[in-house]
Amino acid sequence: MTVFGNERRFFLDGEVETEALGRELARLAKESGQGLIVFLEGDLGMGKTTLSRGVIRALGHEGAVKSPTYTLVEPYEDLTPPAYHFDLYRLGDPEELEYMGIRDYFTGQSVCLIEWPERGEGLLPDADLEVHLEHQGEGRSAVVRACSELGASLLNELELIGPDH
């Protein structure tokens, strides 16, 4: 049995590899047949939206994927599974999430990508995976941490990301 809290670290050379990590997370979510909640953490400009773009495009979206900084959530309900991309950076008060019906997005069958999850603390469900992005040399370091049984299972299946992927 895998212990929750286990983690893996990846070096991401740039946007291509950051999106590749997102595609890999989408593949695992699809194969699991379950919903997935991913907290995306890191300073501004670290690649949270780029990683989200990789997930959303791998689920079948062909248009632009931008950060929903002002709308708080961008729904992609036509995908399989449906995906919701949250950016809570401009959230004034976590209670605002109640007014937008935050609980309705976490159906158990959708992929929910949440940037700045600490701003919704107390109202968000627990994450299955946390991805922390930070500068490392000329690229980024991504630490993927399991926070649930599902997260631990997916983390064990996560393929290495590299320039050939």
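Heads up: these notes are all about the structure in this document. For clarity, every value in this text was computed on a predicted model and none was experimentally measured.

1. Details of the packing of helix H1 (residues 15-32) against helix H4 (residues 149-157)
For the pair H1 and H4, the least separation of the axes is 10 Å and the interaxial angle reads 125°. Considering their axes alone, H1 and H4 lie oblique with respect to each other. Both H1 and H4 take part in a crossing whose hand is right-handed. Residues Glu-24, Arg-27, Leu-28 and Ser-32 of H1 form the contact with H4, whose participating residues are Leu-150, Leu-154 and Glu-157.

2. Re the pattern of salt bridges
Scanning all chains against the criterion turns up 7 salt bridges. Between Glu-19 and Arg-53 there is a salt bridge whose closest N-O contact spans 2.9 Å. Of this pair, Glu-19 sits in helix H1 while Arg-53 is found in helix H2 (residues 48-58), placing the two residues 34 residues apart along the sequence. Exposure remark for Glu-19: the relative accessible area of 15% places this residue in the buried category. Notably, a salt bridge pairs Arg-57 with Glu-19, separated by 3.9 Å at the nearest N-O pair. One end of the pair, Arg-57, is in helix H2; the other, Glu-19, is in helix H1, with 38 residues separating them in the sequence. For Arg-57, a relative accessible area of 38% puts it in the partly exposed group. Taken together, the shared-partner salt bridges in this structure form one network comprising Glu-15, Glu-19, Arg-53 and Arg-57.

3. Looking at the sheet that holds strand S3 (residues 73-76)
Spatially, the 7 strands line up as an open sheet ordered S1-S7-S6-S2-S5-S4-S3, and their pairing is mixed. The sheet terminates laterally at strand S1 (7-12) and S3, the two strands that pair on one side only. The sheet shows a mean angle of 15° between the axes of neighbouring strands, taken without regard to direction. Of the strand pairs in this sheet, strand S2 (residues 36-41) and strand S5 (residues 111-115) are connected by 5 bridges, and their pairing is parallel. Residue pairing for S5: Phe-39 is matched across the bridge by Ile-114. Its contacts with the sheet place H1 against S1, S2, S5, strand S6 (129-136) and strand S7 (139-146), and it is angled at close to 145° to S1. With respect to the sheet, H2 is in contact with S2, S3, strand S4 (83-87), S5 and S6, its orientation differing from that of S5 by roughly 170°.

4. Notes on the packing of aromatic side chains
Under the defined criterion, the tally for this structure stands at 4 aromatic pairs. Relative to Tyr-105, the ring of Phe-86 lies with its centre 5.3 Å away and its plane at 85°, an arrangement referred to as edge-to-face. Placement of Phe-86 in strand S4 and of Tyr-105 in the loop between helix H3 (96-99) and S5 is noted, with a sequence separation of 19 residues between them. Taking relative accessible area as the criterion, Tyr-105 reaches 17% and is therefore assigned buried. For the pair Phe-86 and Phe-106, a centre-to-centre distance of 5.7 Å together with 10° between the ring planes defines the contact as stacked. You can see Phe-86 sitting in strand S4 and its partner Phe-106 sitting in the loop between H3 and S5, a full 20 residues away along the chain. Here Phe-106 falls in the buried class, since its relative accessible area comes to 18%. An aromatic cluster of three or more residues is present, and its members are Tyr-84, Phe-86, Tyr-105 and Phe-106. Over the ring of Trp-116 we find Arg-119, and its NZ or CZ is 5.2 Å from the ring centre.

Cut-off values and rules
- Residues numbered from 1 in each chain as written.
- Predicted model: local features only at pLDDT ≥ 70, side-chain atom pairs only at ≥ 80, totals over all residues.
- Heavy atoms only, no water.
- Axes fitted to C-alpha atoms, helices over the stretch in contact; angles between N-to-C directions.
- Helix = DSSP H or I, 4+ residues; strand = E, 2+ residues; numbered from the N terminus.
- Parallel < 35°, antiparallel > 145°, perpendicular 65-115°, else oblique.
- Left-handed = near helix turned anticlockwise from the far one by under 90°.
- Contact = heavy atoms within 4.5 Å.
- Salt bridge = Lys/Arg side-chain N within 4 Å of Asp/Glu carboxyl O.
- Buried < 20%, exposed > 50% of the residue type's maximum accessible area, 1.4 Å probe, protein only.
- Pairing = 2+ DSSP bridges.
- Phe/Tyr/Trp six-rings, centres within 6.5 Å; stacked < 30°, edge-to-face > 60°.
- Lys NZ or Arg CZ within 6 Å of the ring centre and 35° of its normal.

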